[in-house]
Amino acid sequence: MSGSDAAAEKAESRQRLQVKVNEYKENQNIAYVSLRPVHTTLLGKTAKVYLVPFSLSNLDQLKCSKSLIEKNSNNEVACKKYKTTIKKTCGSILTPKMKATSSKAEATLQTSSLDVHTESNKPQYSNSDAVILAVDMESSQDGDSDEDTTPGLDDFSGLSPYERKRLKNISENANFFASLHLSESAARLREMIKKRQPPESKRKKPKKTTNEIGCRRSMRLLNVDPSGASLPATPTQPTLVADETQPLLPPGPLEMAPKTRDDNKELFKGFLQTWTAMSKTSTKNTEKELSNIKSYKANLNGMVISQDTVQKVTKGPIFSMALHPSETRTLVAAGAKFGQVGLWDLTQQPKEDAVYVFQPHSQSVSCLYFSPANPAHILSLSYDGTLRCGDFSREIFEEVYRNERSSFSSFDFLAEDASTLIVAHWDGNMSLVDRRTPGASYEKLINSSLAKIRTIHVHPVHRQYFMTAGLRDIHIYDARRLDARGSQPLISLTEHTKSIASAYFSPLTGNRVVTTCADCKLRIFDSSCISSQIPLLTTIRHNTITGRWLTRFQAVWDPKQEDCFMIGSMAYPRRVEIFHEAGKRVHSFLGGECLASVCSINAMHPTRYIMAGGNSSGKIHVFMSETNC
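Residues numbered from 1 in each chain as written. Predicted model: local features only at pLDDT ≥ 70, side-chain atom pairs only at ≥ 80, totals over all residues. Heavy atoms only, no water.

1. Let's talk about the nonpolar core
Here comes step 1: Leu300, Phe565, Ile578, Phe589 and Met611 are the most contacted members of the largest nonpolar core, which has 31 residues in total.
Here comes step 2: If you list the elements that add at least two residues to this core, you get α10 (293-301), β25 (521-526), β27 (556-558), β28 (561-568), β29 (575-580) and β30 (585-590).
Here comes step 3: Leave out the neighbours within four places in its chain, and Met611 touches Met303, Met566, Val576, Phe589, Asn602, Ala603, Met604, His621, Val622 and Phe623.
Here comes step 4: Formed by 20 residues, the second largest nonpolar core is a distinct cluster that contains Phe268, Trp275, Leu343 and Phe397. (Core = buried A, V, L, I, M, F, W, Y, C linked by side-chain atoms within 4.5 Å. Buried < 20%, exposed > 50% of the residue type's maximum accessible area, 1.4 Å probe, protein only. Helix = DSSP H or I, 4+ residues; strand = E, 2+ residues; numbered from the N terminus. Contact = heavy atoms within 4.5 Å.)

Structure follows, in structure tokens:
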């Protein structure tokens, strides 16, 4: 090869290299048009059309060799057929926007194909020199992979059987939904809903008839007689609610004036003199012997009740009772709900003249005792925060203790001469009261660990010990160790599962404790040795659910019998039951027509076979032996 030929070939090579450099520079400034995919959804099938970016500024840069075009002329004809078929198949599902975009791209592609020319036998390609039109039809349902010939697509050997089956399904689904005319049906339904708006329903009011006969009404309620004339207004009777909300009585002593009768003062003075004389002649039996259970049961069987031993004494339910220790006459005292104290002498006839009612308190009298040192004194404690002593000889109710900021629940005598008292408060506090100290205040106020105290009882032998019944716990304290901040109890009984109503030591030795609980159980504990633990001896099943209108049951010992106690009953016929500490029922007092109500509060005479029970209406039922009648 000569030097001139080499120089010409070298110049041609440089020219081709410069053309490529110019092409690369021009391609850096190509403006691209990108088409966002257009989605068309038909029952789960989605069609997407993507147009790969291409140059619009220099379409003459898309060059390929002339020889390559000639070689692939047959393929170019096949591509045109394939393009026409796809356009016909997908034309039914393309949106107008997609059609416009695809037609624009097709026109651009045809314009650029006219300027294609070859530069050399060896074609050269770049990333920006190719235009690809991809049509992707996606479906949420998987098609069959079986080979199937699709009409109109048999000429395209480049499609797989799956693609032919998929295009067939797309076309059939599109034609099916087009035949349903769903959009037109939806439009018609919307128009029908708008036209058919339900009218507002207005309830028609019934027409009033002028000649309508009214309903019948009671002439008694209208306060008219049968002729239609109005009757005079009847005076309203006082109710018990007014008595319950009456204000506190003034402090200091109160005159012992009966509330039932104002006439015949000589009869009332004779009544008081009888009580005073009996109190002077009554003697205290210091030595008490425990009779055997057989003789005790025989004496109980001889006790009867009659209409003469049933009398209404107080107004309202009875909350406490006491029997005078007289050996000659039968005197019963009862404390009522509305602050009344009633006295009844059963030996005086007629019995209506033997009942006197006093008003020493303004609220419920929850505890009532005759003084063990002087039976002419009767001490009463009330919810109103007062403790008074009724003196029959002086005819007054003397105020022993008063605390208007607290409500009292129970009390007992710490000393045998009744000079010192222990008072329980509903808020859990306790007060030591000395009657010998002038005034109506306490000597010491003790805070206990109980939230509420229902009953308090002193040991009959070791009087320094006393027992309190709280909501669910029973505590035994030593009075010698009490201070203003309280003291830890010596013993705590925690066997009760519900509210406790009462707890009492046995009357002679204090070796037993009987408790009444709302869980329908009566429990007897062995308190013969007061130590850190008091064992449970017996549990007796007994219905103690009295309800709202009855006073709660309280099991109390018989003062004559160390091992027996009595309690009211909800059973029919009405009765008062006596149990032995071992759990056996000893006796049931049945009164027939004379005992037709529940006796919640009961008391036994300390020496005679006399039992008195009070009910919720203020009546007292007395059982006594025939020799005492």
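Now, onward.
2. Remarks on the pattern of salt bridges
Here comes step 1: Evaluated as defined, the whole model comprises 14 salt bridges.
Here comes step 2: Across the pair Arg166 and Glu163 runs a salt bridge whose closest N-O atoms are separated by 3.1 Å. Note that Arg166 and Glu163 are positioned in helix α5 (residues 161-180) at a spacing of 3 residues, about one turn of the helix.
Here comes step 3: Accessibility expressed as a relative area gives 25% for Glu163, which makes it partly exposed.
Here comes step 4: Note that Arg388 and Glu399 form a salt bridge whose closest N and O atoms lie 3.5 Å from each other. Here Arg388 is found in strand β13 (residues 386-391), whereas its partner Glu399 is found in strand β14 (residues 396-402), with 11 residues between them in sequence. (Salt bridge = Lys/Arg side-chain N within 4 Å of Asp/Glu carboxyl O.)

3. Here we look at the sheet that holds strand β11 (residues 365-370)
Here comes step 1: Pairing in this open sheet of 5 strands is antiparallel, and the strands run β4-β14-β13-β12-β11 from one edge to the other. Where the open sheet ends on each side, the last strands, each with one partner, are β4 (254-255) and β11.
Here comes step 2: Sheet topology places β4 next to β14; 2 bridges connect them, and they run antiparallel. Bridging across to β14, Leu254 finds its partner in Phe397. (Pairing = 2+ DSSP bridges.)

4. Digging into the packing of aromatic side chains
Here comes step 1: Here the structure, examined in full by the defined rule, presents 17 aromatic pairs.
Here comes step 2: Each member of the aromatic cluster is reached from another via a ring pair, and the members are Phe268, Phe271, Tyr356, Phe358 and Phe397.
Here comes step 3: Cation over ring: Lys560 sits above Tyr609, and NZ or CZ is 4.9 Å from the ring centre.
Here comes step 4: The cationic tip of Arg574 hangs over the ring face of Tyr572; the distance from NZ or CZ to the ring centre is 3.9 Å. (Phe/Tyr/Trp six-rings, centres within 6.5 Å; stacked < 30°, edge-to-face > 60°. Lys NZ or Arg CZ within 6 Å of the ring centre and 35° of its normal.)

So yeah, pure geometry; function would need other evidence.
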